[in-house]
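As a plain string of letters, each chain reads:
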Amino acid sequence: MNSVLHAVWEFFPGPLLQRPKKLQIGALCHRGEGDEREYLLITSRDTGRWIIPKGWPIRGLKSHETALREAWEEAGVTGSKAANEPIGTYSYNKRHDTGYASPVETLVYSVAVGGLLDEFPEAHERRRIWVDAATAAELVNEEELKQIFRRQIAN
């Protein structure tokens, strides 16, 4: 009987009571071509895990423009071009200062990096590294983001 109630809950009331995921915009920053292509990872401010630059949508900016802004603020990326359409999405649970976590869906835009500056808004809060796609897939925690990097290997 318990399994029947669980199945009914999962089918109808459960989804109705879930909060929708919040939206963030991410930048998959890269340089080089072919086998020489590298991807930029940065550390998160809270746990120091490896992530891509990302943030909340910015009023007045298109999503790909927001990706460029986040790449600048969080990683010092400059003189770059972002694709107009996302190359993928990934989900994660964002932890807040209160300890509460909320589900977030991140739209990921490809960003061809033109330059990298040492002075940028969050320079004192983050580290950054350039790695190949396979290494990036090993370093990030989110499974869907790992898959985005793995798809880059095939391209």
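How each quantity is defined
Residues numbered from 1 in each chain as written. Predicted model: local features only at pLDDT ≥ 70, side-chain atom pairs only at ≥ 80, totals over all residues. Heavy atoms only, no water. Helix = DSSP H or I, 4+ residues; strand = E, 2+ residues; numbered from the N terminus. Buried < 20%, exposed > 50% of the residue type's maximum accessible area, 1.4 Å probe, protein only. Contact = heavy atoms within 4.5 Å. Areas by Shrake-Rupley, 256 points an atom, 1.4 Å probe, with all protein chains shown as cover. Pairing = 2+ DSSP bridges. Phe/Tyr/Trp six-rings, centres within 6.5 Å; stacked < 30°, edge-to-face > 60°.

## Looking at the overall build of the protein chain
The helix and strand tally for the protein chain stands at five helices and ten strands. Taking all 155 residues of the protein chain together, 38% fall into the buried category. Counting only contacts in the protein chain whose residues sit at least 6 apart along the sequence, the fraction spanning at least 24 positions is 66%. With the model as given, the accessible surface of the protein chain reaches about 9400 Å², and the carbon-plus-sulfur share is 51%.

## Comments concerning the pairing of strand 2 (residues 38–43)
Looking along a regular strand, one sees the side chains alternate between the two faces of the sheet. Most of strand 2 is tucked away: five of the six residues are buried. Pairing analysis gives two bridges linking strand 1 (residues 22–31) to strand 2, with the strands arranged antiparallel. For Arg31, the partnering residue across the bridge sits in strand 2 and is Glu38. What sits between the antiparallel neighbours strand 1 and strand 2 is a turn of six residues, in which Gly32 has the positive phi angle 85°. Hairpin remark: strand 2 followed by strand 3 (residues 50–51), antiparallel, with six residues in the connecting loop; positive phi at Gly48, about 80°.

## Overview of the packing of aromatic side chains
Applying the stated rule across the entire model yields two aromatic pairs. With centroids separated by 5.6 Å and ring planes inclined at 85°, the aromatic side chains of Tyr39 and Phe149 adopt a geometry described as edge-to-face. On the criterion of sequence distance, the pair formed by Tyr39 in strand 2 and Phe149 in helix 5 (residues 143–154) is long-range, its members being 110 residues apart. In terms of burial, Tyr39 and Phe149 fall into one category: buried.

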